[in-house]
Amino acid sequence: MAIKLFIPGPTVVSEDILAEMSLPMIGHRSKKASEIQKRISDNMQKVLYTDNRILLSTSSGSGLMEGAIRSCTAKRAAVFSVGAFGDKWYKMAVANGVPADKFSSEMGEPTTPEMVDAALSTGKYDVITVTHNETSSGIQNPVEEIAEVMKKYPDVVWLVDAVSSAAGSKIETDKLGIDVLITSTQKALALPPGLAICAMSQKAYERTAEVPTRGLYFDLRTLWDFIDKKNYQYTSTPCLSLMYALDKQLQHIVNEEGIEARFARHEQCAEFTRAWADEYFRVYPNRKYLSKTLTVIDAHPKGCSELISIPELNKGLAELNMQLGNGYGGLKDKTFRIAHMGELCMDDMKEITSAVVDVLKLK
Ligand SMILES: *Cc1c(COP(=O)(O)O)cnc(C)c1O
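A. Layout of the pattern of salt bridges. Counted by the stated rule, this structure contains 21 salt bridges. Of the charged contacts in the structure, one is a salt bridge between Glu-351 and Lys-4, with a shortest N-O distance of 2.7 Å. Of the two residues, Glu-351 is situated in helix H13 (residues 346–360) and Lys-4 in strand S1 (residues 4–6); the sequence distance between them amounts to 347 residues. With a relative accessible area of 34%, Glu-351 lands in the partly exposed category. Each of Glu-257, Arg-262, Arg-265 and Glu-343 takes part in one network of salt bridges that share partners.

B. Spatial organisation of the domain arrangement of the protein chain. When cut into domains, the protein chain gives domain 1 (4–8 + 259–360) and domain 2 (16–256). Put simply, the middle of domain 1 and the middle of domain 2, counted by C-alpha atoms, are 27 Å apart. Contacts between domain 1 and domain 2 engage 22 residues on the former and 32 residues on the latter. Taken over both partners, the interface formed by domain 1 and domain 2 buries close to 2300 Å², and the fraction arising from carbon and sulfur atoms is 58%. On the domain 1 side of the interface with domain 2, the three residues burying the most area are Ile-259, Phe-263 and Tyr-289, jointly 29% of the side's total. Linking domain 1 with domain 2 are one salt bridge. With a closest N to O distance of 2.9 Å, Glu-260 and Lys-170 form a salt bridge. Linking domain 1 with domain 2 are 13 residue pairs in polar contact (both at pLDDT 80 or more).

C. Representation of unusual backbone geometry within the structure. The omega torsion of the bond from Gly-9 to Pro-10 falls at -5°, within 30 degrees of zero and hence cis. Residue placement: Pro-10 occurs in the loop between S1 and helix H1 (15–20). Unusually for a residue other than glycine, Asp-333 sits at a positive phi of about 70°. With relative accessibility at 34%, the residue Asp-333 sits in the partly exposed group.

Each value, and the rule that gives it
- Residues numbered from 1 in each chain as written.
- Predicted model: local features only at pLDDT ≥ 70, side-chain atom pairs only at ≥ 80, totals over all residues.
- Heavy atoms only, no water.
- Salt bridge = Lys/Arg side-chain N within 4 Å of Asp/Glu carboxyl O.
- Helix = DSSP H or I, 4+ residues; strand = E, 2+ residues; numbered from the N terminus.
- Buried < 20%, exposed > 50% of the residue type's maximum accessible area, 1.4 Å probe, protein only.
- Domains from an automatic or database assignment.
- Contact = heavy atoms within 4.5 Å.
- Buried area = accessible area lost by both parts, 1.4 Å probe.
- Polar contact = N/O pair within 3.5 Å; in protein donor to acceptor, adjacent residues only side chain to side chain.

Laid out in structure tokens, this is it:
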């Protein structure tokens, strides 16, 4: 029996989507390949509330994060970090020789609109990056408030890491004015890992012309131009199997479950998990900014000064065919993470939370 994953990616993939991955290959320059890619693009635009160009990359989400900061920064990037994945974006900039400064919040705290305004008012930056949903701390950043600040800086290109929230949490890309929104397949989209997806604005595209060395494989301009010229195809051979699966999954999300219903299901699971965490532990991050796709929980049981052992907890859960996430980065062994993203539903959340109570003998 497959182990039920409550880790924040990869998430559980449904049987019919897995079956899609075993279909025969087609030529990646065929008309059929173009049709699949066009349908993916149309449905992805609906899920992300955007008319921006959808670009796919055969890589995990990190590939397009690296490509975006490199392709779009002509002057200097302001990287706002609320944890491990914001830090990673800064490292990518440094590793590529992209001038950048990092603006960190304390763990468990958000990026505030005031921080963004203060950085941009210096006039030093032409790009900002924001993590929509920080998978290490369990914060969802206030992008609506940040969007208000961004209106004052129309020349700044706004990059958003929505790897662990897109398709699980509503992000109105065009209304917010996000220029490049990035996600990948193995989180709330509930597919195997291996494809990254972004929605890119005309403004971001135009910016890339000012950047002389953008790399090649992850160059957003090359991807954009190729899709234009070659009728929704890619510069190199894409992971067709994952594209079949993504195509099918997006049809399921848009036409069967419904986008709004999907978000409501994530919200309901989040509320349930937080309430459970409050009863036995403590929700780790600032409560005003809680993620809708995962809950990060302080590993001290209520009224107890000793941490639980998360590896031991997972050993107990493994016997019940379940697994949850240890903390990430500096929060390892100090917090644990329960994902409620992708195809997980209320019954699953009841199952994992009561299993944790049993394994730890909390009752
Ligand atoms: C998982 C994750 C990433 C990295 O994505 P990959 O697809 O593993 O490269 C980046 N940012 C956030 C917020 C994530 O949760």
